[in-house]
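Below, each chain spelled out in residue letters.
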There are 2 protein chains.
Amino acid sequence: MDKSDISLAVIKRLPRYYRHLEELMESGVERISSHDLSVRMNVTASQIRQDLNNFGGFGQQGYGYNVPNLHEQIAKILGIDQIHNMIIVGAGNLGRAIAGYSNFEKRGFKVMGLFDSNPALVGTQAGGHNIYPMDDFEDYIKENNVEIIALTIPREAAQEIADCAVKAGVKAIWNFAPTDIMVPDKVVVENVHLSESLMTLSYTISKMN
Amino acid sequence: MDKSDISLAVIKRLPRYYRHLEELMESGVERISSHDLSVRMNVTASQIRQDLNNFGGFGQQGYGYNVPNLHEQIAKILGIDQIHNMIIVGAGNLGRAIAGYSNFEKRGFKVMGLFDSNPALVGTQAGGHNIYPMDDFEDYIKENNVEIIALTIPREAAQEIADCAVKAGVKAIWNFAPTDIMVPDKVVVENVHLSESLMTLSYTISKMN
């Protein structure tokens, strides 16, 4: 099936399916009905059937879903059955937090190392990964087939570093800097703007009071 | 105007307006036309006019928007013109990163302190804030009018701590633990699931290749 036919709303829900299926596998569950999955995920069974039908429907009448199989299929659709090399720019607390998550590696995102402009950090480690100087940034991307950079730096430096990374050939920027990054069409930007998430929270609180 | 009439899509865009207006103010810009704002934000001028008309429309024909005024109005709508007391549960790298962001405080989110179950961390500081023991968690919430808890802990402990926090009276949970948190209707949960954000990125990369 052509991936481009699937709506973004469905895609955005897939990682959550993936996470629940992973938890089921860890608990030794081999199969699950759409009803039970819907109770667990707090969505309707009809929503689940509709979502998964987009991919040819992995359920079988009277059996439900085979958990490891569905888990594998969703991994393929999300492209996490393959290894994506990633580096982290910025070895502050947020960069270190990302470097330390073993979950990412399990999902095919291989942290190769961190880069920082602070000479005192260069040569040390974070989460078991080396911290390299910014001077080596572009060469490292080219030589190590880096696909993704995580930007955990102040907003002032973000665009310049994104430009270098794009020039060196990265495919995607996972942007934590609180600013909009401009990139060519062939490059993907996924933003995690923490302040904006907190403001949405604040709005909902103020509306409920 | 009744806030409940505004669509969630518009609300989700407001923090981005707020951020751009803040940057304009820092650059000393007093007023801006919807055209110039649209170029800067890379959206259409018509979208901007439509969005801001939801709040009575702060623009004036032939003048454009008064930047500080619009900034203030959006702050009011988002509820960030008021102080929200927040504590962070988990003093690992992610908790420390959040504790260290001066931006949050500027937007009305006052970090009161961190809580951690590790006795070695209790009594130390992160980002200038004290780290307290989990034993004091519920009392602290009650005595300090804590509205928001940021959960930066492993998923296994997340629900239990959320339950305690809700019992003690928090209004909102900013959840970084990779799991779904169940709360009563009157409590808000805003999720930041980093793995899921990374999987969306991976999907977009795999689709483009």
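The structure this text deals with has already been given above.
Nothing here was measured: the structure is a model prediction, and the numbers come from that model.

Calculation criteria
- The numbers attached to residues start from 1 for each chain and follow its sequence in the written order.
- Chains carry letters from A onward and ligands carry numbers from 1 onward, assigned in written order.
- In keeping with the model being predicted, local features are shown solely for residues with a pLDDT of at least 70 and side-chain atom pairs are shown and tallied solely at 80 or more, while totals for entire chains, interfaces and linings include all residues.
- The side-chain figures draw on all heavy atoms in the structure; neither hydrogens nor water molecules are used.
- Criterion for a salt bridge: a side-chain nitrogen of Lys or Arg within 4 Å of a carboxyl oxygen of Asp or Glu.
- Secondary structure elements follow DSSP: runs of H or I of four or more residues count as helices, runs of E of two or more count as strands, with numbering from the N terminus.
- Burial classification: accessible surface area is computed with a 1.4 Å probe over protein chains only, and a residue below 20% of its type maximum counts as buried, one above 50% as exposed, and the rest as partly exposed.
- When the copies are superposed, the least-squares fit takes in the C-alpha atoms of residues with a pLDDT of at least 70 in both.
- Should any heavy atoms of two residues lie within 4.5 Å, those residues are counted as being in contact.
- Without a salt bridge and with relative accessible area above 30%, a residue can belong to a patch; like charges are then joined within 9 Å and nonpolar side chains (Val, Leu, Ile, Met, Phe, Trp, Tyr) within 5 Å.
- Under the convention used here, a 1.4 Å probe and the Shrake-Rupley method define accessible areas, while residue burial counts only the protein chains that appear.
- Lys and Arg are tallied as positive, Asp and Glu as negative. Neither His nor the chain termini are counted.
- Where a charge lies is defined by one atom per residue type: Lys uses NZ, Arg uses CZ, Asp uses CG and Glu uses CD.
- Strand pairing is assigned whenever DSSP identifies at least 2 bridges connecting the two strands.
- Every axis corresponds to a line fitted to the C-alpha atoms, with the helix fit spanning only the stretch in contact, and the corresponding angles, defined between N-to-C directions, vary from 0 to 180 degrees.
- Roughly parallel means an angle under 35 degrees; roughly antiparallel, over 145; roughly perpendicular, 65 to 115; everything else is oblique.
- Each crossing is labelled by how the near helix is turned from the far one, with a counterclockwise turn of less than a right angle marking it left-handed and a clockwise turn marking it right-handed.

Undergrad: Please explain the pattern of salt bridges as it appears in this structure.
TA: If the charged atoms of two oppositely charged side chains come close together, the side chains can form a pair. Considering all chains together, one arrives at 23 salt bridges over all chains under this definition. Arg19 of chain B serves as the salt-bridge partner of Asp180 of chain A, at 2.9 Å between the closest nitrogen and oxygen. Taken as a pair, Asp180 of chain A in the loop between strand E8 (172–175) and strand E9 (188–191) and Arg19 of chain B in helix H1 (residues 8–26) lie in two separate chains rather than in one. There is no split in this pair, since Asp180 of chain A and Arg19 of chain B are both buried. Put simply, Glu23, Glu26, Arg40 and Lys106 of chain A together with Arg155 of chain B are held in one network by salt bridges that share partners.

Undergrad: Can you help me understand the relation of the copies chain B and chain A in this one?
TA: Think of it as a corkscrew move, a rotation about one axis and a shift along it, taking one chain copy to the other. Turning chain B through 180° and shifting it by 0.0 Å along the axis lays it on chain A, with an RMSD of 0.0 Å. One copy is carried onto the other by what is essentially a two-fold rotation axis. Rotation axis and chain B: the residue whose C-alpha lies nearest the axis is Asn93 of chain B, separated from it by 2.5 Å. Of the interface residues in chain B, 98% have counterparts in chain A that sit at the interface too, so the contact is made through matching surfaces.

Undergrad: Explain a negative patch on the surface to me, please; I cannot follow it from the model alone.
TA: Residues and elements named next belong to chain A. Together, Asp135, Asp136, Asp139 and Glu143 make up a negatively charged patch on the protein surface. Here Asp135 is to be found in the loop between strand E6 (129–133) and helix H7 (137–143). You can call Asp135 exposed: its relative accessible area is 74%.

Undergrad: How should I be thinking about the environment of Arg16 of chain A in this particular structure?
TA: By the element assignment, Arg16 of chain A lies in helix H1 (residues 8–26). Judged by its relative accessible area of 21%, Arg16 of chain A is partly exposed. It is 16 Å that separates the C-alpha atoms of Arg16 of chain A and Asn69 of chain A, two residues lying 53 residues apart in sequence. Ignoring any residue separated from it by four or fewer positions in sequence, one finds Arg16 of chain A in contact with Met41 and Val43 of chain A together with Asp180 and Glu196 of chain B.

Undergrad: Sorry if this is basic, but what is going on with the sheet that holds E8 of chain A here?
TA: Where strands meet in a sheet, backbone hydrogen bonds hold them as pairs that are either parallel or antiparallel. Residue and element names in this part refer to chain A. Spatially, seven strands are ordered E5-E6-E4-E3-E7-E8-E9 in an open sheet, and the strand pairing comes out mixed. For this open sheet the edge positions go to strand E5 (125–126) and E9, each flanked by a neighbour on one side alone. Bridge count for strand E4 (residues 109–116) against E6 is three bridges, and the pairing is parallel. Across the sheet, the residue bridging to Phe115 is Tyr132, located in E6.

Undergrad: How should the packing of helix H5 (residues 93–100) of chain A against helix H5 (residues 93–100) of chain B be read in this particular structure?
TA: When two helices pack together, you describe them by how their axes are tilted relative to each other and by the distance separating the axes. Running from N to C, H5 of chain A and H5 of chain B point in directions that differ by 160°, and their axes come no closer than 8 Å. It follows from the interaxial angle that H5 of chain A and H5 of chain B lie roughly antiparallel. Here H5 of chain A runs over H5 of chain B; the crossing is left-handed. Here Asn93, Leu94, Arg96 and Ala97 of chain A of H5 of chain A come into contact with H5 of chain B, specifically with Asn93, Leu94, Arg96 and Ala97 of chain B.

Nothing here speaks to function; it is all geometry.
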